Amino acid sequence: MSIAVCPGSFDPVTNGHLDVIKRVAAQFDEVIVTVLINKSKKGMFTIEERMAMIAEATSGLSNVRVDSWHGLLVHYAQQNEVTAIVKGLRGANDFDYELQMAQMNTALTGIDTFFVPANPQFGFLSSSLVKEVATYGGDVAEMLPKSVHAKLLARLAE
Ligand code: PNS
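Note that the structure is a prediction, hence the values are computed from the model and not measured.

Time to look at the overall build of the chain. Across its full length, the chain carries 6 helices and 5 strands. In terms of overall dimensions, the chain is globule-like: its C-alpha atoms have a radius of gyration of 15 Å, near the 15 Å expected for 158 residues. For the chain, the residues scored as buried account for 41% of the 158 residues in total. Only carbon and sulfur atoms are counted for the fraction: they give 54% of the accessible area of the chain, which is about 8800 Å². Charged side chains in the chain number 13 positive and 17 negative. The centres of these two groups are separated by 4 Å.

Attention shifts here to the pairing of strand β2 (residues 30–36). Across the 7 residues that make up β2, a large majority, 7, are buried. Going residue by residue along β2, you find Glu30, Ile32, Thr34 and Leu36 tucked away on one face and Val31, Val33 and Val35 tucked away on the opposite face as well. Sheet topology places strand β1 (residues 3–8) next to β2; 6 bridges connect them, and they run parallel. Bridge pairing in β2 places alanine 4 opposite valine 31. What joins β1 to β2 is helix α1 (residues 15–25), and the crossover it makes is right-handed.

Turning next to the site of the ligand. The immediate surroundings of the ligand are formed by Pro7, Gly8, Ser9, Leu36, Gly71, Leu72, Leu73, Lys87, Met101, Met104 and Asn105. Contacts to the ligand include leucine 73, whose backbone N or O atom sits 2.9 Å from an oxygen atom. Here the ligand loses 69% of its free accessible area of 550 Å² to cover by the protein chains. Broken down by secondary-structure element, the contributors of at least two residues to the shell around the ligand are β1 and α4 (92–109). The biggest single contributor to the shell around the ligand is α4, with 3 residues. The class makeup of the residues in the shell around the ligand is 6 nonpolar, 4 polar and 1 charged.

Our next topic: the pairing of strand β5 (residues 112–117). Examined bridge by bridge, strand β4 (residues 84–89) and β5 share 6 bridges and lie parallel to one another. Paired with alanine 84 across the bridge in β5 is aspartate 112. Traced from β4 through α4 to β5, the parallel crossover comes out right-handed.

Taken as a whole and assessed by the stated rule, the structure comprises 9 salt bridges. Note that glutamate 30 and arginine 65 form a salt bridge whose closest N and O atoms lie 2.7 Å from each other. Placement of glutamate 30 in strand β2 and of arginine 65 in strand β3 (residues 64–69) is noted, with a sequence separation of 35 residues between them. Classification of glutamate 30 as buried rests on a relative accessible area of 17%. Since its relative accessible area comes to 36%, arginine 65 is described here as partly exposed.

For α4, which comprises 18 residues, the first-to-last C-alpha distance of 26 Å matches the rise-based estimate of 26 Å (1.5 Å per residue) to within 8%. Here α4 has its buried residues at Asp94, Glu98, Ala102 and Asn105. At its buried positions, α4 is contacted by α3 (73–79), β4 and β5. Once α4 finishes, glycine 110 follows within two positions and takes phi at roughly 90°, a positive value.

About the criteria used
Residues numbered from 1 in each chain as written. Predicted model: local features only at pLDDT ≥ 70, side-chain atom pairs only at ≥ 80, totals over all residues. Heavy atoms only, no water. Helix = DSSP H or I, 4+ residues; strand = E, 2+ residues; numbered from the N terminus. Rg over C-alpha atoms; globule rule 2.2 N^0.38 Å. Buried < 20%, exposed > 50% of the residue type's maximum accessible area, 1.4 Å probe, protein only. Areas by Shrake-Rupley, 256 points an atom, 1.4 Å probe, with all protein chains shown as cover. Lys, Arg positive; Asp, Glu negative; His and termini not counted. Charge placed at Lys NZ, Arg CZ, Asp CG, Glu CD. Pairing = 2+ DSSP bridges. Right-handed = clockwise from strand over helix to strand, strands pointing away. Near = heavy atom within 4 Å. Polar contact = N/O pair within 3.5 Å; in protein donor to acceptor, adjacent residues only side chain to side chain. Nonpolar A, V, L, I, M, F, W, Y, C, P; charged D, E, K, R; others polar. Salt bridge = Lys/Arg side-chain N within 4 Å of Asp/Glu carboxyl O. Expected span 1.5 Å × (residues − 1). Contact = heavy atoms within 4.5 Å.

Nothing here speaks to function; it is all geometry.
Have a look at this one:
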């Protein structure tokens, strides 16, 4: 059985992430979207909030589940019988960084990473940029699932 992990911070999940997750779900038997916990980086949303937003946005995909992890991604992969890491690539900057991580992960455990080119419609999207634009009143409604957009606006209003 092929099991892909789509790891990330997802603070919060964007339509760009979801496009990649849907395409990965069409290629693998099972997809685990895993929120990586980085204790040195304070996010806008808690890990539980991020997981709930992803779960809601992917509820229509029967082979996708959501999880979280603190530690090395390769250890998560080993413990969950993951057969491949899958990442979206927006451009050359992503590639340089992702290639290095993919090669490190292969060196550590032999696991392979597959890259999915971002849909050009979402090529400029990142969670950080969406948060920055929304913080200063920019309209990001088309860049996020409806419920995530509502939660982002609510968090900014707090
Ligand atoms: O959404 P992000 O922040 O770009 O995701 C990066 C992430 C979390 C996938 C990456 O930093 C990662 O895999 N972290 C887990 C810790 C780890 O395995 N580090 C070594 C990578 S070679």
